[in-house]
Amino acid sequence: MSHLTTSSVAELAVFGGTPAFAEPVHVGRPNLGDREQLLARVNDILDRRWLTNNGHYVQAFERTVAARVGAKHCIAVCNGEIGLEIAIRALGLRGEVIVPSFTFIATAHALQWQEITPVFADIDPETHLIDPESVRRLITPRTSGIIGVHLWGQYCDVDALDAIAREHRLTLLFDAAHAFGCGARARRHGNSPVEVFSFHATKLVNTLEGGAIVTDDDALAQKIRLMKNFGFLGYDNVGYVGTNGKMNEFSAAMGLTSIESMDAFIAHNRRNHDQYRRELADIPGVELHRYDPAAANNYQYVVTEVDTERTGISRDMLLDVLWAENILARRYFYPGCHRMQPYRAYFPNAGLMLPVTERVAARVLVLPTGQAMTPDEVSRVCGVIRCAVAHGPEVARRLIDSGARRHLDPFHE
Ligand SMILES: Cc1ncc(COP(=O)(O)O)c(C=O)c1O
């Protein structure tokens, strides 16, 4: 069947029709750079017999990342979460640190893992970024810092957060996991010396697993370098408590190859995003998140919000419809960190303080994009959504009657 012209609810896969995709289509399918170049680098690594411990490719990757973001220092690490943990420790955070609840759980865990309490701030309803006024209300004598998250590759309100941090003598750092390739750095303020990127396979640029900490502060960079290598000052000489946060050579080779194609990845994402915008425009109640045209973005996230009053079908029922079609859309960052354990137990009433987070977490639906998505595939995804919404109340009723529901929402329904 053609999902572009779907007019019959019975043709939807959730009710027994043929799925729109024979194989599952994931959000965050990896972007791949030049395969030959990657394989040549892998061969070179094997020839050098230097697989990890600050090898040739890790050093080259660090130089490339630093140049791309305009930072004095880049320290490559094995993943973004470890990067956050090391940065948090190197900056001496303790007590309570304010973070948005609407973020990947790693932002909160990087604190809690070190017995620092994440205190959850609300977000702006338009941008989904941490709301500085909410941050201000959460400051206590135990607060030592703020972590701003550059969600969906959008820079959070660096100036407002910086002003609050200065006023209250707090340390400010940024979880920039989504923001590689998004232009200006947030670190221009002396008070916010660190940004942490993720190069997980799902990110615009990937090192399979990986991350990087960037800073202009020489002493901090040196400290972070030691911390990610067990605290070794030299052979047989440990000066700090450290961890193993090192990136390996294969990851760095993947990262270098990936960065070489980064502009092409962004251009491809941009085309997909434009197409989603055009094709979703006539579907009532499914709003595509708009990026500020004046700010650089990597368009790695196609974020929609579903307004059930207008679609007649809930976000989670729409998700059931899409999954049956093998379109594995995602409800990022549902239900919000504050509703996940252990935070739910620590802050049972946090939801009352986070009305925007609650609302956005109940509405967001992220659609697949990236280099692997063709225009035809984007059209097929939009076709399924168009069909489900055109018959919203009927689809909803049949889903409830059939008991075929997979994505339930115990928090908001
Ligand atoms: C906002 C955010 N912070 C932190 C991380 C953690 O990065 P990693 O998966 O590289 O550990 C992610 C990863 O997906 C993320 O989306």
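The text that follows walks through the structure, step by step, so that each part is easy to find. (Residues numbered from 1 in each chain as written. Predicted model: local features only at pLDDT ≥ 70, side-chain atom pairs only at ≥ 80, totals over all residues. Heavy atoms only, no water.)

## Looking at helix α14 (residues 355–363)
And step 1. Every buried residue of α14 is listed here: Val 356, Thr 357, Glu 358, Val 360, Ala 361 and Arg 363.
And step 2. The elements touched by buried residues of α14 are β4 (117–121), β12 (302–306), α11 (315–324), α13 (350–353) and β14 (364–367). (Buried < 20%, exposed > 50% of the residue type's maximum accessible area, 1.4 Å probe, protein only. Helix = DSSP H or I, 4+ residues; strand = E, 2+ residues; numbered from the N terminus. Contact = heavy atoms within 4.5 Å.)

## With respect to the packing of aromatic side chains
And step 1. Per the stated rule, a full pass over the model turns up 17 aromatic pairs.
And step 2. Ring centres of Phe 180 and Phe 197 lie 5.3 Å apart, and the angle between their planes is 80°; on these two criteria the pair is classed as edge-to-face. A residue pair is termed long-range when its members are at least 10 positions apart, and Phe 180 in the loop between β6 (171–175) and β7 (194–198) and Phe 197 in strand β7 qualify at 17 residues.
And step 3. Take Phe 180: its relative accessible area is 3%, and that puts it in the buried class. (Phe/Tyr/Trp six-rings, centres within 6.5 Å; stacked < 30°, edge-to-face > 60°.)

## What about the site of the ligand?
And step 1. Close to the ligand lie 14 residues, the nearest being Gly 80, Glu 81, Asp 175, Ser 198 and Lys 203.
And step 2. The separation between an oxygen atom of the ligand and a polar side-chain atom of Ser 198 is 2.7 Å.
And step 3. One can see that the ligand is located within the largest pocket.
And step 4. Listed by contribution, the elements that provide at least two residues to the shell around the ligand are α3 (80–90) and α4 (105–112).
And step 5. Split by residue class, the shell around the ligand holds three nonpolar, eight polar and three charged. (Near = heavy atom within 4 Å. Polar contact = N/O pair within 3.5 Å; in protein donor to acceptor, adjacent residues only side chain to side chain. 1 Å grid on protein atoms, 1.4 Å probe; cavity = no way out; pocket = protein on both sides within 12 Å on 5 of 7 lines; lining within 4 Å. Sits in = over half its atoms within 2 Å of the grid points. Nonpolar A, V, L, I, M, F, W, Y, C, P; charged D, E, K, R; others polar.)

## A look at the pattern of salt bridges
Once their charged atoms are close, side chains differing in charge can pair, the charge on each being opposite to the other.
And step 1. Taken as a whole, this structure holds 20 salt bridges when the rule is applied.
And step 2. Between Glu 133 and Arg 136 there is a salt bridge whose closest N-O contact spans 3.8 Å. Remark: Arg 136 and Glu 133 occur in helix α5 (residues 132–137); sequence separation between them is three residues, near one turn of the helix.
And step 3. Using a relative accessible area of 43% as the deciding quantity, one classes Glu 133 as partly exposed. (Salt bridge = Lys/Arg side-chain N within 4 Å of Asp/Glu carboxyl O.)

## Details of the sheet that holds strand β2 (residues 73–77)
And step 1. If you trace the seven strands from one edge of the open sheet to the other, you get β2-β8-β7-β6-β5-β3-β4, paired in mixed fashion. Single-partner strands in this sheet number two, and they are β2 and β4. Pairwise comparison of adjacent strand axes, ignoring direction, gives a mean angle of 25° for this sheet.
And step 2. Pairing of β7 with strand β8 (residues 211–215) involves five bridges; the strand directions are antiparallel. The residue of β8 that forms the bridge with Phe 197 is Ala 212.
And step 3. Running over the sheet, helix α2 (residues 56–69) touches β2, β7 and β8 and is turned about 130° from β2. (Pairing = 2+ DSSP bridges. Axes fitted to C-alpha atoms, helices over the stretch in contact; angles between N-to-C directions.)

## So, the packing of α11 against helix α16 (residues 392–402)
And step 1. Relative to each other, α11 and α16 sit at 75°, their axes nearing to 10 Å. Classified by the angle between their axes, α11 and α16 sit roughly perpendicular to one another. On the side of α11, the interface is formed by Met 317, Asp 320 and Val 321, while α16 contributes Val 395, Ala 396, Leu 399 and Ile 400. (Parallel < 35°, antiparallel > 145°, perpendicular 65-115°, else oblique.)

## Some points on empty space enclosed by the protein
And step 1. Summed over the entire model, instances satisfying the criterion amount to two cavities of 30 Å³ or more.
And step 2. Residue lining of the largest cavity: Ala 177, His 178, Ala 179, Phe 180, Ser 198, Phe 199, Lys 203, Leu 204, Val 205, Asn 298, Gln 300 and Tyr 301, and that is the complete set.
And step 3. For the lining of the largest cavity, the residue count by class is seven nonpolar, four polar and one charged.
And step 4. By volume, the second largest cavity is sized at about 30 Å³.
And step 5. Considering the residues around the second largest cavity, the lining is formed by Val 27, Gly 28, Arg 29, Gln 300, Leu 367, Pro 368, Thr 369 and Gly 370.
And step 6. Its residues assigned to classes, the lining of the second largest cavity comprises three nonpolar, four polar and one charged. (Points joined across faces, edges and corners; volume = space filled by probe spheres on them.)

## Brief notes about a nonpolar patch on the surface
And step 1. Nonpolar side chains collect at one region of the surface, where Leu 46, Leu 51 and Phe 250 lie side by side and expose about 270 Å² of accessible area between them.
And step 2. Relative to the helices and strands, Leu 51 resides in the loop between α1 (35–48) and α2.
And step 3. A residue is classified by how much of its surface remains accessible, and Leu 51, at 47% relative accessible area, is partly exposed. (Patch = residues over 30% accessible without salt bridge, like charges linked within 9 Å, V, L, I, M, F, W, Y side chains within 5 Å. Areas by Shrake-Rupley, 256 points an atom, 1.4 Å probe, with all protein chains shown as cover.)

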